[in-house]
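Coordinate inspection notes
Each chain is listed here by its residues.
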Amino acid sequence: MKQQYFKDKVVVITGASSGIGLACARLFAAQGAKLTLAARSLDKLQVIQKELPAAVLAVKTDVSKEEDCRKLIEQTIATYGGIDILVNNAGISMRAVFKDLDLKVLHQLMDVNFWGCVYCTKYALPSLLERKGSVVGVTSIAGFKGLPARTGYSASKFAMNGFLDTLRTEHLYDDLHVMIFAPGFTASNVRFSALTADGSPQGETPRKEEKMMSAETVARHMLRGLRKRKDQMILTPLGKAAVLVNKFFPKLVSRMEYKMMKAEPDSPLS
Ligand SMILES: NC(=O)c1ccc[n+]([C@@H]2O[C@H](COP(=O)([O-])OP(=O)(O)OC[C@H]3O[C@@H](n4cnc5c(N)ncnc54)[C@H](OP(=O)(O)O)[C@@H]3O)[C@@H](O)[C@H]2O)c1
C-alpha cells in the first residue's frame, strides 16, 4: 500500500474501541495519519492511544447523542485544524424476529447506526468540503438485502445507504468523496453485543467467528477504497454474491438467507 496518501491526513473514526474501527485506527496510524478515536469506552480508547505510533485524540462519544457528535467534531477541528476523512463505523446489531421485538430496540439501532452517521457527517461536512475529503459509512450486506431476525439492523443500514448515496449526488461537483463500505461477516464483538428482543445483549455469537474475514483485512480494503476514492465497496465472496444475485433473483436469495439464518443455534426463526 502506498505510504504517502494518508500521511498527516486527519481521520475521525467512530466505534474505534473494537473490531473494524480499531483495526482501521491501527492501519491509519501506521500510514502516518492523525487520528481522533471515538467510542463510549474512554478507558479502551486511552489504552489504544498509548499503543499507537501517531497523534491520537481520544474522545468519549455516544454517537446516538447529537451533542456528543458535535463536540467530537469541534474538538478534532480545534486540535488539528480540520478533517480529511470521517469514518462512520460505530454500530450495534440485534437478533430477534420483529413480532417479538420491543420497539425500543429498533429505535436504538436507528439512533446509533443511522443517526450517529448523520450527526457526525452534518458537523464534519463544512471541513470535509473545504478539504475535498472523504466520508465513509460502514454499512453492511444487510443494507442491500433484508436479513431475517435483523429488521432494525437492516433498516438502519438501508437508511445509511440511502443517506450517503443522496449526499454523494448532492455534492457530485464539489469533489466530496462519499464511500458506502459494506463488509460481510467479519470477526468482531458485534454479535456478542447484539441486542435481543427485550434489548439485553446476546452475550455470545451464533456463528463461527474464526471462519469470517478478519477486521484487519476489512481495514485494508477500506484504506484501498479511500485511496481510490471508490463510491462503494462490498466485501466477502458471499456478500458480493448475495448483492449481485439479489438483483436478478431476490426470492432465491431470500430463501437461501432464511435457510442459513434458521440453521444458526437458537435461531429466532426456528
Ligand atoms: N462484524 C461484522 O460481521 C459486520 C458486518 C457488516 C458490517 N459491520 C459493521 O461494522 C461496524 C463496526 O462493527 P464491528 O463488527 O467492528 O463491531 P464491534 O467490535 O462490536 O465494534 C463496534 C464499535 O462501535 C462502538 N459503539 C457501539 N455503540 C456506540 C455508540 N452508541 N456510540 C459510539 N460508539 C459506539 C463500540 O464501542 P463502545 O462500546 O466503546 O461504544 C465499538 O467500538 C458496525 O457499524 C457494524 O454494523 C460489521
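Below is a short write-up of the structure. (Residues numbered from 1 in each chain as written. Predicted model: local features only at pLDDT ≥ 70, side-chain atom pairs only at ≥ 80, totals over all residues.)

Here the focus is the site of the ligand. In the region of the ligand, 32 residues are neighbours, and Gly15, Gly19, Ser41, Gly91 and Ser188 sit closest. Residue contributions to the shell around the ligand peak at 3 residues, all from helix 1 (residues 19-30). Here the shell around the ligand is built from residues that sort into 12 nonpolar, 17 polar and 3 charged. (Near = placed C-beta within 6 Å. Helix = DSSP H or I, 4+ residues; strand = E, 2+ residues; numbered from the N terminus. Nonpolar A, V, L, I, M, F, W, Y, C, P; charged D, E, K, R; others polar.)

Before going further, it helps to examine the sheet that holds strand 3 (residues 56-60). As summarised here, the arrangement of the 7 strands in space is 3-2-1-4-5-6-7, forming an open sheet in which the pairing is parallel. The two strands at the open ends of the sheet, each matched to only one other strand, are strand 3 and strand 7 (232-234). Neighbour-to-neighbour, the strand axes of this sheet turn through a mean angle of 15°, independent of strand direction. Direction of pairing for strand 1 (residues 10-14) relative to strand 4 (residues 85-88): parallel, over a ladder of 3 bridges. Across the sheet, residue Ile13 finds its bridge partner in strand 4, namely Val87. (Pairing = 2+ DSSP bridges. Axes fitted to C-alpha atoms, helices over the stretch in contact; angles between N-to-C directions.)

Attention now moves to helix 6 (residues 215-227). Given a rise of 1.5 Å per residue, 13 residues ought to cover 18 Å, and the 19 Å separating the end C-alpha atoms of helix 6 matches this to within 8%. Looking at helix 6, one finds that the buried residues are Ala215, Val218, Ala219, Met222, Leu223, Gly225 and Leu226. Within helix 6, the buried residues cover an arc of 160° as seen down the axis, which keeps them to one side. In this structure, the buried residues of helix 6 make contact with helix 1, strand 4, strand 5 (134-138), strand 6 (177-182) and strand 7. Backbone geometry just after helix 6 places Arg229 at a positive phi near 50°. (Expected span 1.5 Å × (residues − 1). Buried ≥ 20, exposed ≤ 12 C-beta atoms within 10 Å, placed from the backbone. Arc of directions from axis to C-beta. Contact = placed C-beta atoms within 7 Å.)

What follows covers the environment of Thr151. In this structure, Thr151 sits in helix 5 (residues 151-170). The spacing of Thr151 and Leu101 is 50 residues in sequence and 9.3 Å in space, taken between C-alpha atoms. Not counting residues within four places of it along the chain, the set of residues in contact with Thr151 comprises Phe98, Leu101 and Leu106.

Quick look at the packing of helix 3 (residues 66-80) against helix 4 (residues 103-130) now. Two numbers describe how helix 3 lies on helix 4: the axes approach to 9 Å, and their chain directions differ by 30°. Between helix 3 and helix 4, the crossing angle belongs to the class labelled roughly parallel. Once helix 3 is placed against helix 4, the crossing between them reads as right-handed. Of helix 4, the residues touching helix 3 (which contributes Glu66, Cys69, Arg70, Leu72, Ile73 and Ile77) are Gly116, Tyr119, Cys120, Tyr123, Ala124 and Ser127. Across the contact of helix 3 with helix 4, the residue classes tally to 8 nonpolar, 2 polar and 2 charged. (Parallel < 35°, antiparallel > 145°, perpendicular 65-115°, else oblique. Left-handed = near helix turned anticlockwise from the far one by under 90°.)

Further remarks concern unusual backbone geometry. Despite not being glycine, Asp8 has its phi angle at roughly 65°, a positive value. With respect to the secondary-structure elements, Asp8 resides in the segment before strand 1. For Lys132, which is not glycine, the phi torsion reads 50° and is therefore positive. In this fold, Lys132 is placed in the loop between helix 4 and strand 5.

Moving on, we come to the packing of helix 4 against helix 5. Running from N to C, helix 4 and helix 5 cross one another at 20°; their axes reach a closest spacing of 8 Å. The orientation of helix 4 with respect to helix 5, classified from their angle, is roughly parallel. The crossing of helix 4 and helix 5 is right-handed. For the pair helix 4 and helix 5, the contacting residues are Val105, Leu106, Leu109, Met110, Asn113, Phe114, Cys117 and Val118 in the first and Thr151, Gly152, Tyr153, Ala155, Ser156, Lys157, Ala159, Met160 and Phe163 in the second.

So, on to helix 5. With 20 residues, helix 5 should reach 28 Å at 1.5 Å per residue; the first-to-last C-alpha distance of 28 Å fits that figure. Along helix 5, the residues that are buried comprise Thr151, Gly152, Tyr153, Ser154, Ser156, Lys157, Met160, Phe163 and Leu164. Where helix 5 is buried, its residues touch helix 4, strand 5 and strand 6.

With that settled, the discussion passes to the nonpolar core. One recurring pattern in soluble globular proteins: nonpolar side chains tend to sit buried together. Ile13, Ala25, Leu37, Leu86 and Cys120 are the most contacted members of the largest nonpolar core, which totals 81 residues. Ranked by residues supplied to this core, first place goes to helix 4 with 11 residues. Residues in contact with Leu86, not counting those within four places in the same chain, are Val12, Cys120, Thr121, Ala124, Leu128, Val135 and Val136. (Core = buried A, V, L, I, M, F, W, Y, C linked by C-beta atoms within 7 Å.)

In this structure, strand 2 (residues 34-39) lies alongside strand 3, joined through 5 bridges in parallel fashion. Residue pairing for strand 3: Ala39 is matched across the bridge by Lys60. A crossover connection joins strand 2 to the parallel strand 3 through helix 2 (residues 42-51); in handedness this β-α-β unit is right-handed. (Right-handed = clockwise from strand over helix to strand, strands pointing away.)

Keep in mind these values describe shape, not function.
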